[in-house]
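The chain contents come next:
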Amino acid sequence: MSAPPRGRKRKRSIHDTPADLARMQLARRQLSELQVGLRGIEETGVGMAEIMEHVDALQSILESTKKLTLSCSSVTRSQLTEMGLKRKVFSLNDVALDARIAASSIDSKHIDALCMQLTRIHRSKSMRNEAGARMILDAVLLTIADISFEAKEKLPVAIFPQMEIASGDGVLVKNTVNQSEVWLTGNVDYGVCTYKHEAHRARIFESPLDNLMLYTGNRIMVVEAKPDKEMFIDSLPEATSLAIALSEVTGDNTVRYCLSDGTQWIFLAYTRDSEGNRISYEGPLLTIMQPPVGEHFKKDVRRVVELLYHWLRADSDIENDPLFTV
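Starting from 1, residues in each chain are numbered consecutively following that chain's sequence as written. Per-residue local features are limited, in this predicted model, to residues with pLDDT of at least 70; the limit for side-chain atom pairs, both in listing and counting, is 80 or more; totals at the level of whole chains, interfaces and linings are taken over all residues. Derived side-chain values reflect all non-hydrogen atoms in the structure, with water molecules and hydrogen atoms excluded from consideration.

Colleague: For this particular structure, what's the right way to read the environment of I165?
Modeller: We count a stretch as a helix when DSSP gives it H or I for four or more residues in a row; a strand needs E for two or more, and each element gets its number in order from the N terminus. Among the structural elements, I165 can be located in strand 4 (residues 157-174). Judged by its relative accessible area of 7%, I165 is buried. Considering only alpha carbons, one finds I165 and T185, 20 residues apart in sequence, at a separation of 7.0 Å. We call two residues in contact when some of their heavy atoms are within 4.5 Å. The residues touching I165, leaving out its near neighbours within four places in the chain, are V171, G186, N187, V188, L209, L242, A245, L246 and V249. Categorising residues by exposure relies on relative accessible area from a 1.4 Å probe, with only protein chains included: less than 20% of the type maximum marks a residue as buried, more than 50% marks it as exposed, and the intermediate range marks it as partly exposed.

Colleague: Would you explain the nonpolar core in this entry?
Modeller: Considering soluble globular proteins, one finds that nonpolar side chains tend to be buried as a cluster. V192, W265, V301 and L308 are the most contacted members of the largest nonpolar core, which totals 48 residues. Not counting residues within four places of it along the chain, the set of residues in contact with W265 comprises L137, V140, F232, C258, L259, S260, P284, L285, L286, I288, V304 and L308. Residues belong to one nonpolar core when they are buried, are Ala, Val, Leu, Ile, Met, Phe, Trp, Tyr or Cys, and are joined through side-chain atoms within 4.5 Å. In terms of nonpolar packing, the next biggest core, distinct from the first, is built from 38 residues, L70, V173, I220 and I244 among them.

Colleague: Quick question: what am I supposed to make of the packing of helix 5 (residues 108-124) against helix 10 (residues 294-313) here?
Modeller: What describes two packed helices is the angle between their axes and the distance between those same axes. Each axis is a line fitted through C-alpha atoms, and for a helix only the stretch in contact is used; angles between axes span 0 to 180 degrees, taken between their N-to-C directions. At a minimum axis separation of 10 Å, helix 5 and helix 10 run at an interaxial angle of 110 degrees. The orientation of helix 5 relative to helix 10 falls into the category roughly perpendicular. The two elements helix 5 and helix 10 cross, and the hand of that crossing is right-handed. Contact residues: helix 5 offers I111, D112, L114, C115, L118 and T119, while helix 10 offers F297, K298, V301, R302 and V305. Roughly parallel means an angle under 35 degrees; roughly antiparallel, over 145; roughly perpendicular, 65 to 115; everything else is oblique. When the near helix sits turned anticlockwise from the far one by under a right angle, the crossing is termed left-handed; a clockwise turn instead gives a right-handed crossing.

Colleague: Even after reading the chapter, I still don't get helix 9 (residues 232-250), so can you show me in this structure?
Modeller: An α-helical turn contains 3.6 residues, so any two residues separated by three or four positions project in the same direction. Any helix carries an expected span of 1.5 Å times its number of residues minus one. Here helix 9 spans 26 Å end to end across 19 residues, near enough to the 27 Å set by a 1.5 Å rise per residue. Most of helix 9 is tucked away, with 14 of its 19 residues classed as buried. Trailing helix 9 by a residue or two, G251 shows a phi angle of about 80 degrees, which is positive.

Colleague: Please explain the pairing of strand 7 (residues 254-260) as it appears in this structure.
Modeller: Regular strands place side chains that alternate from one sheet face to the opposite one. Of all the seven residues making up strand 7, seven are buried; the element is thus mostly covered by neighbouring parts of the structure. The side-chain alternation of strand 7 yields two buried faces, one formed by T254, R256, C258 and S260 and the other by V255, Y257 and L259. The pairing criterion for strands is at least two bridges between them, as found by DSSP. One ladder, built from four bridges, connects strand 6 (residues 221-225) with strand 7; its direction is parallel. Across the sheet, V223 pairs through a bridge with C258, a residue of strand 7. Both strand 7 and strand 8 (residues 264-272) contribute to a ladder of seven bridges, which runs antiparallel. Residue pairing for strand 8: V255 is matched across the bridge by Y270. The hairpin formed by strand 7 and strand 8 contains three residues between the paired strands, and G262 there has a positive phi angle of roughly 95 degrees.

Colleague: Please explain unusual backbone geometry as it appears in this structure.
Modeller: Excluding glycine, residues mostly have negative phi values, and the peptide bonds linking residues are mostly trans. Look at K154: it is not a glycine, yet its phi comes out positive at around 50 degrees. Along the chain, the position of K154 falls in the loop between helix 6 (130-150) and strand 4. Positive phi is not limited to glycine here, since Q162 has a value of about 50 degrees. Structurally, Q162 is set in strand 4.

Colleague: What's the story with the pattern of salt bridges in this structure? I'm lost.
Modeller: Side chains that differ in charge, positive against negative, can pair when their charged atoms come close. Every case where a carboxyl oxygen of Asp or Glu lies within 4 Å of a side-chain nitrogen of Lys or Arg is listed as a salt bridge. Here the structure, examined in full by the defined rule, presents 18 salt bridges. A salt bridge links R313 to E153, with the shortest nitrogen-to-oxygen separation between them at 3.4 Å. Placement of the pair is R313 in helix 10 and E153 in the loop between helix 6 and strand 4, with a sequence separation of 160 residues. R313 gets classed as partly exposed once you look at its relative accessible area, which sits at 32%. A relative accessible area of 45% places E153 in the partly exposed class. R272 is the salt-bridge partner of E248, the closest N and O atoms lying 2.9 Å from each other. Of this pair, E248 sits in helix 9 while R272 sits in strand 8, and the two are 24 residues apart along the sequence. On the basis of relative accessible area, E248 is assigned to the partly exposed category, the value being 24%. We classify R272 as buried; its relative accessible area is 17%. One continuous salt-bridge network, built from bridges that share partners, spans R77, R87 and E282.

Colleague: Is there a simple way to think about the packing of helix 6 against helix 10 in this case?
Modeller: Contact pair helix 6 / helix 10: the axes reach a minimum separation of 10 Å and the direction vectors enclose 65 degrees. Note on packing geometry: the crossing formed by helix 6 with helix 10 is right-handed. Taken together, the residues of helix 10 that come into contact with helix 6 (itself represented by V140, I144, I147 and S148) are V305, L308, Y309 and L312. Note on residue classes: Ala, Val, Leu, Ile, Met, Phe, Trp, Tyr, Cys and Pro are nonpolar, Asp, Glu, Lys and Arg are charged, and everything else, Gly too, is polar. Taken together, the residues of the contact of helix 6 with helix 10 sort by class into seven nonpolar, one polar and no charged.

Shape is all these values report; function is a separate question.
Okay, here's the thing in structure tokens:
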């Protein structure tokens, strides 16, 4: 079988994760010691008490070796359900979005420049793999950064390609109802946030994720790029599990994220309440018309930019967002 093409992520399963040999050897040694301890114990009251102590020791050994670590790229819908996640759908309020665009302070020069850049990319770059989608997302996110810096608040934007959310043993995600536990690992294609002071720029770009929140001006938005041949519906569990892991690391109970191949854009949100209940909100699919010419194309680009800019700055719960109806 030929190797997967470069530029695309290979879906991983739990069987791809190498075993922790040191942990397994320790467990084997502990089991051997337990076996020796069980020899010669008679079935008396005292003997049964000793057996129960050994049973407790056995349970402890087994608990130490059954830790489930998953790459976010291999997470399935059923595993998200096992984490206690519930799904809801929200719809776009087109009237509210059109009114926001009409009153928007976004200079049309940004939209015109972005449309020209997207046209150049589509004319010259193959979209058969994820790299093509990334070129489009790079252009769109840089435009969002320019818009934010020129806005009234003049908030700089930090963009983190391949932001590492969790490595090694991963981030613990515990279902408070059934007490199941899983450790998630993975990187997001883009982590995006604003920050308050330009003087913090060096610290922002050098800080590990758990310290980054000291300097950010808002929540971190997650953007995942997917090639156009990959079904979006199959990529949603990966994007949602990344949002869950990010929430656990930062302590932020809401994460807004989106999934795109450069042409189609899905907007989503994840929330976790004080009792540990998890909900993913799956929003509308917006499409930028192809080929990239004409007023309809420009209108599509404007709507996507306006929503992404809103997604980056929004600080309210998704159920209270004026642009959407849950």
